[in-house]
Amino acid sequence: MSYHSTRGQAPALAFDDVLLAGLARDGGLYLPSQWPHFSKEELASFAGLSYPELAVRVMLPFLDGTIAEDDFARMVAETYAGFGHAAVAPLKQLGRNDWLLELFHGPTLAFKDYALQLLGRLFDHVLAKKGRRVTIVGATSGDTGSAAIEACRDRAAVDIIILHPKGRTSEVQRRQMTTVMSSNVRNIALEGTFDDCQDMVKAMFNDEPFRDRLNLSAVNSINWARIMAQIVYYFAAGTALGAPHRPISFAVPTGNFGNVYAAFAARRMGLPVNQLVVGSNTNDILTRFFDSGRMSKGEVVPTLSPSMDIQVSSNFERYLFDLFCEDGARLRDFMERFRRDGAFEVGETMQTSIASLFQGYRLDDEGTKRVIRQVYEETGELLDPHSAIGVAAGRARRRDRATPMVALATAHAAKFPDAVEAATGVRPALPERLADLYDRPERYDVLPNDLEAVKDYVRQVAGVNA
Ligand SMILES: *Cc1c(COP(=O)(O)O)cnc(C)c1O
């Protein structure tokens, strides 16, 4: 199996090169040229497996021999041994056929750990084999940065530098990044905004000689390996609730469409998925698309669920590729028009086919707080704002009471204590292993909003360990 780009003009690559490449050279996203498929008998045999055992079964076909099975099994076991719950991704019942899949038991308390913790290990393994090293550079408004740092800390072949806007992230988010003392981790507090941080990173990647000399790399959400690792928990939840003998539906709080695309992929691989409900906050480009068949960009508005404050969902391109019957030229055209006009539309037939699986649901900040309070009163569960949108979306859009609806809890309530306290009057506590976060020493370097100063810094860091 090799991987091809959604835009059809980049070379086909093997798994290990797709992992390191991230984005394809033609601007497209990589997808497997053939999808593995599990029979009903195989799905039935998943039911008794531990999470790491299941993870190996589900992901191994995607590696196509580029990583030895025993090496991979060891990396997977190490990855999830560090999680804070024996089940790794436990299911909690909220009501009749109303379930919550808790994906916040990783080191930074958000679902991104489930993929990034494995990605860090895969990077190290593949780089060592190729005798290479990379410097990962990224910008964060808070959440992704900490998950990436935790994934890369102490990896031998990787240095990581994360820029955050000085004084503009929440204290939990800053401390999750700046209290990591590993020598291969650097935090830059930039005297600027999140957009300034992003512009810096873009400018460094666009400077080809600089990028190539320092082996710059990224671990952003378009990396295929992140999708691959997220497919696993859909199989875990599905088979725990009766698949292949009964179908299952999911409600996913969505930003870049990576998480819900992994659910779509699980369905392609044989999991009987009935409905996929896509939850959004007031940044509702996807809800509007599912309602009307028209995708049109708006302005990004800040909300209580910042990880979903996104207008263009980059992974949506992977789903479009499937809708367009894997016609890269047609998709290239389409994306070009979207870039030029800020909008596109699909025909009625296609809209009907999309609506048979996907529904959208939007919830504003007031509604989000209301749902947090309501679920707390009903069940005693404290939901974070992202997870609350998932639960509300599933409840509002489910077509069928007999099919289990599983909402994804994508972050721990203690990551967003102010919103949760405003909704319930209860301030959620950090889990035991992070309880001393506010007492740990911090380390970061303050830099001016100046590209040359940042480049000098990156050169120095890359040189130190070269
Ligand atoms: C990243 C993130 C999301 C959005 O996930 P996508 O894969 O980008 O759709 C939702 N909730 C939380 C807490 C996140 O960190």
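Predicted, not measured: the structure shown is a model, and the values here were computed from it.

Caption draft 1: Here's a closer look at the side chain of Asn184. Inspection of the secondary structure assignment puts Asn184 in the loop between α7 (171-178) and β7 (185-190). By relative accessible area, Asn184 is classed as buried at 5%. From its side chain, Asn184 meets the backbone nitrogen of Asp154 in a polar contact 2.9 Å long. Setting aside anything within four residues of it in sequence, one finds Asn184 in contact with Cys152, Arg153, Asp154, Arg155, Val158, Asp159 and Ile160.

Caption draft 2: Highlighting α7. Where burial is concerned, most of α7 is hidden: six out of the eight residues are buried. For α7, the complete set of buried residues consists of Val172, Gln173, Arg175, Gln176, Met177 and Thr178. The inward-facing, buried residues of α7 contact α6 (143-152), β6 (158-165) and β7.

Caption draft 3: Summary view of the site of the ligand. Around the ligand lies a shell of 15 residues, among which Lys112, Gly255, Asn256, Asn259 and Thr410 are the nearest. Gly258 is positioned with one of its backbone polar atoms (N or O) 3.3 Å from an oxygen atom of the ligand. Within the complex, 96% of the 390 Å² of free accessible area of the ligand lies under protein. When its residues are assigned to classes, the shell around the ligand shows five nonpolar, eight polar and two charged.

Caption draft 4: Fine view of unusual backbone geometry. With an omega of 10°, the peptide bond running from Ala243 to Pro244 counts as cis. Of note, Pro244 is situated in the loop between α10 (224-240) and β9 (248-253). With a phi angle near 70°, Phe257 is a residue other than glycine that sits in the positive phi range. Looking at the secondary structure, you find Phe257 in the loop between β9 and α11 (258-268).

Caption draft 5: Layout of the sheet that holds strand β3 (residues 91-95). The sheet built from six strands is open, its strands ordered β3-β4-β14-β9-β10-β13 with mixed pairing. Every other strand in the sheet has two partners, leaving β3 and β13 (358-362) as the edge strands with one partner each. Within this sheet the neighbouring strands show an average axis-to-axis angle of 25°, counted without direction. Across five bridges, the pairing between strand β10 (residues 273-280) and β13 is parallel.

Caption draft 6: Quick look at the packing of aromatic side chains. Evaluated as defined, the whole model comprises 30 aromatic pairs. Between Trp35 and Trp224 the ring centres are 5.9 Å apart and the planes differ by 80°, which places this aromatic pair in the edge-to-face class. Remark: Trp224 occurs in helix α10 and Trp35 occurs in the loop between β2 (30-32) and α2 (40-46); sequence separation between them is 189 residues. With centroids separated by 5.6 Å and ring planes inclined at 90°, the aromatic side chains of Phe38 and Phe235 adopt a geometry described as edge-to-face. Within this pair, whereas Phe38 is found in the loop between β2 and α2, its partner Phe235 is found in helix α10, the two being separated by 197 residues in sequence. Exposure remark for Phe235: the relative accessible area of 0% places this residue in the buried category. Through a chain of ring-to-ring contacts, the aromatic side chains of Phe257, Tyr261, Phe264, Phe289, Phe290, Phe316, Tyr319, Phe324, Phe334, Phe338, Phe344 and Phe358 assemble into a single cluster.

Caption draft 7: Quick peek at the packing of helix α5 (residues 112-130) against α10. Taken N-terminus to C-terminus, the directions of α5 and α10 make an angle of 130°; their axes are 8 Å apart at the nearest point. Compared by their axis directions, α5 and α10 come out oblique. Classified by chirality, the crossing of α10 by α5 is right-handed. Here Lys112, Tyr114, Ala115, Leu116, Leu118, Leu119 and Leu122 of α5 come into contact with α10, specifically with Ala225, Arg226, Met228, Ala229, Gln230 and Tyr233. For the contact of α5 with α10, a count of residues per class yields 10 nonpolar, one polar and two charged.

Caption draft 8: Representation of the sheet that holds strand β15 (residues 445-447) in the model. The five strands are arranged β8-β5-β6-β7-β15 in an open sheet whose pairing can be described as parallel. One side of each edge strand has no neighbouring strand; the edge strands of this open sheet are β8 (216-217) and β15. Bridging between strand β5 (residues 134-139) and β8 involves two bridges; their strand directions are parallel. Residue pairing for β8: Ile136 is matched across the bridge by Ser217. With respect to the sheet, α6 is in contact with β5, β6 and β7, its orientation differing from that of β6 by roughly 160°. Helix-sheet contacts for helix α8 (residues 194-206) involve β5, β6, β7 and β8, and the interaxial angle to β5 is about 150°.

Criteria and cut-off values
- Residues numbered from 1 in each chain as written.
- Predicted model: local features only at pLDDT ≥ 70, side-chain atom pairs only at ≥ 80, totals over all residues.
- Heavy atoms only, no water.
- Helix = DSSP H or I, 4+ residues; strand = E, 2+ residues; numbered from the N terminus.
- Buried < 20%, exposed > 50% of the residue type's maximum accessible area, 1.4 Å probe, protein only.
- Polar contact = N/O pair within 3.5 Å; in protein donor to acceptor, adjacent residues only side chain to side chain.
- Contact = heavy atoms within 4.5 Å.
- Near = heavy atom within 4 Å.
- Areas by Shrake-Rupley, 256 points an atom, 1.4 Å probe, with all protein chains shown as cover.
- Nonpolar A, V, L, I, M, F, W, Y, C, P; charged D, E, K, R; others polar.
- Pairing = 2+ DSSP bridges.
- Axes fitted to C-alpha atoms, helices over the stretch in contact; angles between N-to-C directions.
- Phe/Tyr/Trp six-rings, centres within 6.5 Å; stacked < 30°, edge-to-face > 60°.
- Parallel < 35°, antiparallel > 145°, perpendicular 65-115°, else oblique.
- Left-handed = near helix turned anticlockwise from the far one by under 90°.

Worth remembering: the numbers are spatial, not functional.
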